[in-house]
Amino acid sequence: MVVCIHIPFPGSVGNYITALSRIAVPIFFMITGYFYSDVVKKGRTAGQIKKLFILMVEANLIYFVWKWLYTAVLSDVSFLSSTFTVKNMLKFLFLNDSPLSGHLWYLGAILYSLIIVFIANNLKLGKILYWLTPVLLLMDLVFGKYSLVLFNREFPYILVRNFLFVGIPYFCIGRMIREGLGQKIKKNTAALLIFIFSMTTCIERFILVSTDMNPTRDHYISTTFLAIVVFLFILKCDSGKEHVNLDKLQAREDWLTDLLAIIGWKYSTWLYILHPIFITCIGTVMSKIGLQGVYKYMGPVVIYVVTIVFLLIVDRVKKTVLRRS
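## Quick look at the nonpolar core
Argument step 1. Counting residues in each nonpolar core, the largest one holds 68 residues, and the members touching the most others are Phe 29 and Met 30.
Argument step 2. Ranked by residue count, the leading element in this core is helix H14 (residues 255-288), at twelve residues.
Argument step 3. With residues near it in sequence (within four places) discarded, Phe 29 still touches Trp 105, Tyr 106, Ala 109, Ile 110, Ser 113, Val 166, Gly 167, Tyr 170 and Phe 171.
Argument step 4. In this structure, Ala 19, Leu 141, Tyr 146 and Tyr 220 belong to the second largest nonpolar core, which totals five residues.

Here it is as structure tokens:
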């Protein structure tokens, strides 16, 4: 879904697929929130924050090198002076907007969310974040997707696409689901609700576009509800297995489920971080060889597969080197 957002399928169908795919990042936060109680029980809250901080630094360093090389080869603009401005640094510190690559906002947002939750829990104020969740989600809509409807003006989307209006509320929703929110909903009911909220998302987009009231901000009213019911549906699909092994995929009907579980568990973070680099590289190659017309219809699939294959190769190489050392 994230890949579909950053390299969408073409045409009207592609636009609606992108609208539906907006649940991806909310679900990322919900997953972290869902498993947070396990982290607390194991005494790993500080370790999780440290791990996320290191990951954020690593990802930004990768894009520092990437953007520096890309700018040096294809542009006369001074990379350092155009990137590390006071304004950009303030947006990075307060709104999680990385000047090196826009999609890295998520890493800063989840890091800030974990720090805030850690502090709130230590001060016995964790439940206050639950009460703030609907307010923060409402503010995201008011100053985001429905800003043109309500104020006849569009606000910079980074004002709401950050730890405060996305990270904390969806993290808290994940925690509330772990504590029982919505878990009595049956699998078939969840599937029906997925269909309903998918339709309402498409209807929202259609109405906002037709009335010329569709701002850049990407979360609709239905996005929250669709993310929640997709999450609940997947919980109902749990196979009950504690672990799957990439080297020993089960030779039975659910081998694809095993493979997707491994990709989600082991490779999804770096898939998220690295796929924009492959979008740039493969897009440039396709343009040079004249295949961009065909490529645009299969771009998301190509990027997803190529990035996963790259990560699998890197993982194999690392294992081989470690064994030999």
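Resuming the write-up.
## Notes on the packing of aromatic side chains
Think of a pair of aromatic rings as described by two things: how far the centres are apart, and how the planes are tilted against each other in angle.
Argument step 1. Under the definition given, this model contains 15 aromatic pairs.
Argument step 2. Residues Phe 29 and Tyr 106 carry aromatic rings whose centres are separated by 5.0 Å and whose planes lie at 65° to one another, so their mutual orientation is edge-to-face. Highlighted residues: Phe 29 in helix H3 (residues 24-34) and Tyr 106 in helix H8 (residues 105-122), separated in sequence by 77 residues. Accessibility assignment for this pair places Phe 29 and Tyr 106 in one class, buried.
Argument step 3. Among the aromatic residues, ring-to-ring pairing joins Phe 28, Phe 29, Trp 105, Tyr 106 and Tyr 272 into one connected group.
Argument step 4. Sitting over the ring of Tyr 34, Arg 178 keeps its end group 5.1 Å from the ring centre.
Argument step 5. Cation over ring: Arg 205 sits above Tyr 16, and NZ or CZ is 5.1 Å from the ring centre.

## Quick notes on the pattern of salt bridges
Argument step 1. Counted by the stated rule, this structure contains eight salt bridges.
Argument step 2. Residues Arg 161 and Asp 97 are paired through a salt bridge, measuring 3.1 Å at the closest nitrogen-oxygen approach. Of the two residues, Arg 161 is situated in the loop between helix H10 (147-151) and helix H11 (163-178) and Asp 97 in the loop between helix H7 (86-95) and H8; the sequence distance between them amounts to 64 residues.
Argument step 3. Classification of Arg 161 by relative accessible area gives buried; the value is 11%.

## Thoughts on the environment of Thr 216
Argument step 1. Mapping Thr 216 onto the fold places it in the loop between helix H12 (187-210) and helix H13 (221-236).
Argument step 2. Taking relative accessible area as the criterion, Thr 216 reaches 53% and is therefore assigned exposed.
Argument step 3. Considering only alpha carbons, one finds Thr 216 and Tyr 157, 59 residues apart in sequence, at a separation of 6.8 Å.
Argument step 4. What Thr 216 contacts, discounting residues up to four positions off in sequence, is Glu 154 and Tyr 157.

## What to know about the packing of H3 against H13
Argument step 1. H13 packs onto H3 with a crossing angle of 50° between their chain directions and a minimal axis gap of 10 Å. If you check the angle between H3 and H13, you find them oblique. Handedness of the H3/H13 crossing: right-handed. Facing H3, whose interface residues are Pro 26, Ile 27, Met 30, Ile 31 and Tyr 34, H13 presents Ala 227, Ile 228, Val 230, Phe 231 and Leu 235.
Argument step 2. Class assignment for the residues of the contact of H3 with H13 results in ten nonpolar, no polar and no charged.

Procedures and definitions
- Residues numbered from 1 in each chain as written.
- Predicted model: local features only at pLDDT ≥ 70, side-chain atom pairs only at ≥ 80, totals over all residues.
- Heavy atoms only, no water.
- Core = buried A, V, L, I, M, F, W, Y, C linked by side-chain atoms within 4.5 Å.
- Buried < 20%, exposed > 50% of the residue type's maximum accessible area, 1.4 Å probe, protein only.
- Helix = DSSP H or I, 4+ residues; strand = E, 2+ residues; numbered from the N terminus.
- Contact = heavy atoms within 4.5 Å.
- Phe/Tyr/Trp six-rings, centres within 6.5 Å; stacked < 30°, edge-to-face > 60°.
- Lys NZ or Arg CZ within 6 Å of the ring centre and 35° of its normal.
- Salt bridge = Lys/Arg side-chain N within 4 Å of Asp/Glu carboxyl O.
- Axes fitted to C-alpha atoms, helices over the stretch in contact; angles between N-to-C directions.
- Parallel < 35°, antiparallel > 145°, perpendicular 65-115°, else oblique.
- Left-handed = near helix turned anticlockwise from the far one by under 90°.
- Nonpolar A, V, L, I, M, F, W, Y, C, P; charged D, E, K, R; others polar.

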